[in-house]
Amino acid sequence: MDEKRKIVEIVKVRAVLKALTPEAIEAIPQPQRVNDMVIIRKIPFRIGRESRVRMVDGRIVRVERPKLGGREPNNDLYLLDGGELLNISREHLQLEKHPDGYKLTDRGSACGVRIGERAVGGCDDGGEMELVDGDVFVMGTTQSPYRYQFIVLDE
């Protein structure tokens, strides 16, 4: 019975990120996309830009990330930023849980993150802000198409 509890704890869905624009959907790697969402099973959850890409038939496509001898990756989710001007940094943000709820931490990104009118990070400064169920955040500039809704499922 303890084994089953451990398994349930491992596969339990904590939250999801729902992509709100076509670009946000396309940025999610196919293996991590469920409809237009990313399932979050572990917290903290780190997001950054996929830098291993190439052009194929005029489109930017991901190159398979090599597995490096047991090293932990820098991110749990690698998004593809297809814009000419990049909005997503290689190590952009982290979603964390604290006693009063969730928070979004900017990991020193160049363009920052916005939740409504609130902004955090940018210019490699970092920072954090509260994140609640239903919040929509934008990775990058105010014109960035990378918009995601944070939906909490573990409460």
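Look a little higher up for the structure.
I will try to describe carefully the structure that is included in this document.

1. Some points on the sheet that holds strand β14 (residues 147–152)
Working step 1: One open sheet holds the seven strands; their spatial order is β2-β3-β1-β14-β13-β10-β11, and the pairing between them is antiparallel. Single-partner strands in this sheet number two, and they are β2 (33–34) and β11 (118–120).
Working step 2: Bridge count between strand β10 (residues 113–115) and β11: three bridges; the pairing is antiparallel. In the sheet register, Val113 faces β11, and the bridge partner there is Val120.

2. Here we look at the nonpolar core
Working step 1: Leu17, Phe137 and Tyr148 are the most contacted members of the largest nonpolar core, which has 29 residues in total.
Working step 2: Sequence-distant contacts of Leu17, that is, excluding residues within four places in its chain, are made with Asp36, Met37, Val38, Ile40, Ile47, Leu77, Leu95, Phe137, Tyr148, Gln149 and Phe150.

3. Quick notes on the environment of Val16
Working step 1: Inspection of the secondary structure assignment puts Val16 in strand β1 (residues 15–19).
Working step 2: Along the backbone, Val16 and Gln149 are 133 residues apart, and their C-alpha atoms lie at a distance of 8.0 Å.
Working step 3: Beyond its immediate stretch of four places on either side in the chain, Val16 contacts Met37, Val38, Ile39, Gln149, Phe150, Ile151 and Leu153.

4. Focus on the state of the cysteines
Working step 1: Per the counting criterion, the structure on display carries zero disulfides.
Working step 2: Left unpaired, Cys123 is separated from the closest cysteine sulfur, that of Cys111, by 8.3 Å.
Working step 3: Among the residues examined, Cys123 registers a relative accessible area of 63% and is labelled exposed.

5. A closer look at unusual backbone geometry
Working step 1: Here Ile43 and Pro44 are connected by a cis peptide whose omega angle stands at 5 degrees.
Working step 2: If you trace the backbone, Pro44 turns up in the loop between β3 (37–40) and β4 (45–49).
Working step 3: Of note in the backbone geometry, Asn35 takes a positive phi value of approximately 55 degrees without being a glycine.
Working step 4: Here Asn35 lies in the loop between β2 and β3.
Working step 5: The backbone of Cys123 shows a phi angle near 55 degrees, a positive value even though the residue is not glycine.
Working step 6: With respect to the helices, strands and loops of the structure, Cys123 is situated in the loop between β11 and β12 (127–131).

6. Looking at the pattern of salt bridges
Working step 1: Here the structure, examined in full by the defined rule, presents eight salt bridges.
Working step 2: Glu91 is the partner of Arg107 in a salt bridge, and the nearest nitrogen-oxygen pair spans 3.7 Å. One end of the pair, Arg107, is in the loop between β9 (101–106) and β10; the other, Glu91, is in the loop between β7 (77–79) and β8 (93–98), with 16 residues separating them in the sequence.
Working step 3: When its relative accessible area of 23% is taken as the criterion, Arg107 is described as partly exposed.
Working step 4: A relative accessible area of 34% means that Glu91 is categorised as partly exposed.
Working step 5: Here Lys97 and Asp154 are joined by a salt bridge, their closest N and O atoms 3.3 Å apart. Highlighted residues: Lys97 in strand β8 and Asp154 in the segment after β14, separated in sequence by 57 residues.
Working step 6: When salt bridges that share partners are traced, they join Lys42, Arg46 and Asp76 into one network.

About the criteria used
Numbers given for residues are sequential positions, taken from 1 along each chain in its written order. For this predicted model, a pLDDT threshold of at least 70 governs which residues receive local features, and a threshold of 80 or more governs which side-chain atom pairs are given and counted, while totals over whole chains, interfaces and linings are taken from all residues. Note that the side-chain values use all heavy atoms of the structure and ignore hydrogens as well as water. Criterion used throughout: strands pair if DSSP finds at least two bridges between them. Strands are runs of DSSP state E lasting at least two residues, helices are runs of H or I lasting at least four, and both sets are numbered from the N terminus onward. Here, nonpolar core means buried Ala, Val, Leu, Ile, Met, Phe, Trp, Tyr and Cys residues that are tied together by side-chain atoms lying within 4.5 Å of each other. Throughout, exposure labels follow a simple rule: accessible area from a 1.4 Å probe, protein chains only, divided by the maximum for the residue type, with under 20% read as buried, over 50% as exposed, and the rest as partly exposed. Pairs of residues are marked as contacts when any of their non-hydrogen atoms sit within 4.5 Å. To count as a disulfide, a pair of cysteine sulfur atoms needs to be within 2.5 Å. When a carboxyl oxygen of Asp or Glu is within 4 Å of a side-chain nitrogen of Lys or Arg, the pair counts as a salt bridge.

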